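Coordinate inspection notes
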Amino acid sequence: MIEYREIMDQDIPLIVSLFAEYLNGGESISESIREAWKHNELMGYIATEDGKPAGFLTMREGISFTYPHPALEKEIAGLVQGERIAYCDAILILPEYRCEGVAHRLAQSSRELLRRKGFVYYLSEIWVYPDGQAPSRPILETMGTLVWQKKIDMFYSELDAYDMTCPICGRKCLCGAWIDVMKL
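All values derive from a computational prediction rather than experimental measurement.

1. Some words on the sheet that holds strand S6 (residues 145-152)
What the seven strands build is an open sheet, ordered S1-S2-S3-S4-S5-S7-S6; its pairing is mixed. Both edges of this open sheet fall to strand S1 (2-6) and S6, since each of them pairs with a single strand only. Neighbour-to-neighbour, the strand axes of this sheet turn through a mean angle of 20°, independent of strand direction. Sheet analysis places S1 next to strand S2 (residues 42-49), joined by five bridges and oriented antiparallel. Considered in S2, the bridge of Glu3 is made with Thr48. Across the sheet, helix H1 (residues 12-22) lies against S2, strand S3 (52-61) and strand S4 (85-93), angled at about 95° from S3, the strand it touches most. Helix-sheet contacts for helix H4 (residues 102-116) involve S1, S2, S3, S4 and strand S5 (121-128), and the interaxial angle to S2 is about 150°.

What follows is the structure, encoded as structure tokens:
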């Protein structure tokens, strides 16, 4: 049976290793996750079955992307006008648990956590692979009511400059992104 709970201290090393294996890796990512947790800036839910991970969804307060996009950050800040906003740091469902409802349950639990903490908006940066697939889009779109959206081709073209790798393209990323702002 799959269990769902808020992320705790003991989950951080696992999240760091899963991030490196399945998402965009690099020492800057690992350090960012550890530092965010240490300063109570990381929140979210993890799903486990018999002690092994099935998936997780992590979030942080503010407006941020995989690497800085100042004009876009300013545009979104103008939209939310000082209301509390959280962004999706990562969502990962291990392959053997995909299409089992894990992602939807993680999203539902995470949305409720944000509401309890007084957040008004949710920002998601949804990777669009070069072949057009955006696997996390159906799940992240359930986080609230869409109020703003923009698709940006080649969104991760500077990933290599930040010493990160794309799970699909490697060092020279060709992926785009859907940027969604939702009201919780």
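2. A word on helix H3 (residues 70-80)
Taken as a whole, H3 has its buried residues at Leu72, Ile76 and Val80. Down the axis of H3, the smallest arc covering the buried residues is 65°, so these residues share one side. For H3, exposure combined with an orientation more than 90 degrees from the buried face picks out Pro70, Ala71 and Lys74.

3. What to know about the packing of aromatic side chains
Scanning the entire structure with this criterion turns up four aromatic pairs. Seen in terms of ring centroids, Phe65 and Phe155 are 5.7 Å apart; in terms of plane orientation they differ by 75°. Their pairing is edge-to-face. Residue Phe65 is located in the loop between S3 and H3, and its partner Phe155 is located in the loop between S6 and strand S7 (176-183); the two are separated by 90 residues in the primary sequence. Of the two residues, Phe65 and Phe155, neither departs from the other in class, the shared state being buried. By way of ring pairs, the aromatic residues Phe65, Trp127, Phe155 and Tyr156 are connected into one cluster. Taking the ring centre of Trp178 as reference, the NZ or CZ of Arg137 above it sits at 3.8 Å.

4. So, the pattern of salt bridges
Tallied over the full model, the rule gives twelve salt bridges. Of the charged contacts in the structure, one is a salt bridge between Glu75 and Lys150, with a shortest N-O distance of 3.2 Å. One end of the pair, Glu75, is in helix H3; the other, Lys150, is in strand S6, with 75 residues separating them in the sequence. Lys150 sits in the partly exposed class, given a relative accessible area of 32%. One salt bridge in this structure joins Asp160 and Arg171, with 2.7 Å as the shortest N-O distance. Residue Asp160 is found in the loop between S6 and S7, and its partner Arg171 is found in the loop between S6 and S7; the two are separated by eleven residues along the sequence. With a relative accessible area of 36%, Arg171 lands in the partly exposed category. Members of the salt-bridge network, linked through shared partners, are Asp160, Asp163, Arg171 and Lys172.

5. What about the confidence of the model for the protein?
Looking at the protein, pLDDT values average 93 and 98% of them are 70 or higher. When mean pLDDT is taken per element in the protein, H3 scores highest with 98 and helix H2 (residues 27-38) scores lowest with 85.

6. Some details on the environment of Ala77
As for its position among the elements, Ala77 is in helix H3. Owing to a relative accessible area of 36%, Ala77 belongs among the partly exposed residues under this scheme. Contact partners of Ala77, with chain neighbours within four places excluded, come to Ile63 and Gly82.

7. What to know about unusual backbone geometry
With a phi angle near 55°, Asn40 is a residue other than glycine that sits in the positive phi range. Here Asn40 is to be found in the loop between H2 and S2. Not every positive phi belongs to a glycine, and Asp163 is a case in point at roughly 60°. In this fold, Asp163 is placed in the loop between S6 and S7.

Quick notes on the rules
Here the residue numbering is sequential within each chain, running from 1 through the sequence in written order. In view of the model being predicted, local features appear only for residues whose pLDDT reaches at least 70, and side-chain atom pairs are presented and counted only at 80 or more, with totals across whole chains, interfaces and linings using the full set of residues. Processing note: side-chain calculations cover all non-hydrogen atoms of the structure and skip hydrogens and water entirely. DSSP-based pairing: two strands are paired if at least 2 bridges between them are found. To qualify as a helix, a DSSP run of H or I must reach at least 4 residues; to qualify as a strand, a run of E must reach at least 2; elements of each kind are numbered from the N terminus. Structural elements are reduced to axes, namely lines fitted to C-alpha atoms, with helices fitted over the stretch in contact, and the angle between N-to-C directions of any two is expressed from 0 to 180 degrees. We call two residues in contact when some of their heavy atoms are within 4.5 Å. Each residue is placed in one exposure class: buried if its accessible area under a 1.4 Å probe, protein chains only, is under 20% of its type's maximum, exposed if it is over 50%, and partly exposed if it falls in between. The arc refers to the directions leading from the helix axis to the C-beta atoms. In summary, the pairing rule links any two rings of Phe, Tyr or Trp, Trp by its six-membered ring, whose centres are within 6.5 Å, and it sorts them by plane angle into stacked for under 30 degrees, edge-to-face for over 60 and tilted for everything else. We call a charge positioned above a ring when the Lys NZ or Arg CZ atom is no farther than 6 Å from the ring centre and deviates by at most 35 degrees from the ring normal. The salt bridge definition used is simple: a Lys or Arg side-chain nitrogen within 4 Å of an Asp or Glu carboxyl oxygen. The pLDDT value expresses, per residue, how confident the predictor is, ranging between 0 and 100.

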